[in-house]
Amino acid sequence: MTKLPLFLLAATSAYGQFTLTNDKLSVEILPTGATIASIVLKDDAAKLNPLWAPGPQGGRGHFLCLDAFGPVSAEEAAAGLTFHGEAVKRTFQAASNSKQALALTTSLPLLQENITRSYHLVDGENVLYVETEVESLVAFDRPIVWAEHATIGWPFLERGKTVVDMPAVKAQTRPHPPRNDPRRLASAQDFVWPNAPLRDGKLVDIRAAPLAPASVDHTTQLIDPALQWGWVTAIHTEKHLLVGWLFSREEFPWLQNWENYPAENQKLARGVEFSSQPYDVPRRQTVDMGRMFDMPTFRWLPAKSKVLGRFLLFYTRIPEGFTKADDVRFENGRITITDKKAGKTVVLPASRRI
């Protein structure tokens, strides 16, 4: 029997899950944390889910971190706020639900916010459209902490076979104290994506999971400010499958690359987390940073107002020889993904505006 993490078990047993389908995709969404647990191709006999699926290995899929990301301050913890924020443990209610559309809502009583999150599929498209509205119930402006914790996992994520691409213009390895741990990357070093500095000073291409086992690392990337839509993709080069996210770059200027590569392949996970801040640290630390790479490290939630977060999740087959996403565009009702070296392009219909 499959054992789900405790924070997901109550939702699935008491409230079930939501399924959205069209002729291309089947998507499973859990009410706890508004979690996208699974996305599979309808014609895939293996039903391979690229996400770090909820299950015995501790996966969480793609979940919402709001209004905290990572640890909280001692004072916030004493007030009841927990790791990754209040939304991740809230049970969202269905405001509307059909075969291809779902609207979920919840309130965050500790943070005094309301959340509405909508999902849409369109026939003939390999795309899930997601829009989230956050409403402040307080009469003062405040910094908001928001991350879309998108995570890929085994068996889609394989050592040396699954590669990640993004339009990063600047990057940094996460600061960490010197100690004997499984980190392979140097601490607090700026670098040019994807060639990150190792502890011995050499550079390593981090597009793919390393063949050597047991490492845990974290880097942050600034998405090209010239883009309207930021993006990140993961390609399984042998299975010829690509999963990707397009997101509003203005709303989510940072892409956090969390690498969890233990010795057991079944526990492999990699976060491709687009967010309002460069690292998953307490709110006070994020605000104290102010700016990094000349980009704000937090976002404002104005008094008694609403803000949006928008993204597209797409999953598709790709032609043999397509091994790198150099460019992803969302325009004229389609998503165009290009591998320049291979001279190959994948075009996906994407008719819905968000």
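Everything numeric here is computed off the predicted structure, so don't read it as measured data.

1. A look at the nonpolar core
Of all hydrophobic cores here, the largest spans 64 residues; its most connected members are Ile36, Tyr119, Leu128, Trp245 and Tyr315. With residues near it in sequence (within four places) discarded, Tyr315 still touches Leu25, Ile39, Val40, Leu41, Leu48, Pro50, Asn126, Phe156, Leu241, Leu242 and Val243. Membership of the second largest hydrophobic core comes to 22 residues, among which are Tyr129, Leu246, Val328 and Phe330.

2. Quick notes on the side chain of Gln256
Tracing the backbone through its elements, the reader meets Gln256 in strand S20 (residues 254-261). A relative accessible area of 0% means that Gln256 is categorised as buried. In terms of polar contacts, Gln256 uses its side chain to reach the backbone carbonyl oxygen of Pro278, at 3.3 Å.

3. A short note on the pairing of strand S21 (residues 269-275)
One face of the sheet, then the other: side chains in a regular strand alternate in exactly this way. The buried fraction of S21 amounts to 7 of the 7 residues, a majority that puts the element mostly inside the structure. Where burial is concerned, the two faces of S21 agree: the one with Ala269, Gly271, Glu273 and Ser275 and the one with Arg270, Val272 and Phe274 are both buried. Relative to S21, strand S10 (residues 146-149) is paired through 2 bridges, and the arrangement is antiparallel. When the sheet's bridge partners are listed, Glu148 is paired in S21 with Phe274. Sheet topology note: the strand S11 (residues 151-153)/S21 ladder contains 3 bridges and is antiparallel. Counterpart to Ile152 in the pairing with S21 is Arg270.

4. Comments concerning the sheet that holds strand S2 (residues 25-30)
Spatially, S1-S2-S3 is the arrangement adopted by the 3 strands of the open sheet, whose pairing is antiparallel. Both outer strands of the open sheet, strand S1 (18-21) and strand S3 (35-41), are each paired with one neighbouring strand and no more. Across the sheet, the mean angle separating the axes of adjacent strands is 20° when strand polarity is ignored. Summarising the sheet, S1 and S2 pair through 4 bridges and their orientation is antiparallel. Bridge pairing links Thr19 to Glu28 in S2.

5. Remarks on the packing of aromatic side chains
Scanning the model with the defined rule gives 9 aromatic pairs in all. Between the aromatic rings of Trp229 and Phe330, the centroid separation amounts to 5.3 Å while the plane-to-plane angle is 75°, which identifies the pairing as edge-to-face. With Trp229 in strand S18 (residues 229-236) and Phe330 in strand S26 (residues 327-331), the pair connects residues that are 101 residues apart, well separated along the chain. This pair shows no difference in class: Trp229 is buried, exactly as Phe330 is. Summarising the aromatic geometry, the rings of Phe298 and Trp300 are spaced 5.4 Å apart at their centres and angled 75° between planes, so their arrangement reads as edge-to-face. Overall, Phe298 belongs to the buried group, its relative accessible area being 17%. Accessibility expressed as a relative area gives 48% for Trp300, which makes it partly exposed. These aromatic residues form a ring-pair network of at least three members: Trp146, Phe247, Phe252, Phe274 and Phe311. Taking the ring centre of Phe63 as reference, the NZ or CZ of Arg60 above it sits at 5.3 Å.

Cut-off values and rules
Residues numbered from 1 in each chain as written. Predicted model: local features only at pLDDT ≥ 70, side-chain atom pairs only at ≥ 80, totals over all residues. Heavy atoms only, no water. Core = buried A, V, L, I, M, F, W, Y, C linked by side-chain atoms within 4.5 Å. Buried < 20%, exposed > 50% of the residue type's maximum accessible area, 1.4 Å probe, protein only. Contact = heavy atoms within 4.5 Å. Helix = DSSP H or I, 4+ residues; strand = E, 2+ residues; numbered from the N terminus. Polar contact = N/O pair within 3.5 Å; in protein donor to acceptor, adjacent residues only side chain to side chain. Pairing = 2+ DSSP bridges. Axes fitted to C-alpha atoms, helices over the stretch in contact; angles between N-to-C directions. Phe/Tyr/Trp six-rings, centres within 6.5 Å; stacked < 30°, edge-to-face > 60°. Lys NZ or Arg CZ within 6 Å of the ring centre and 35° of its normal.

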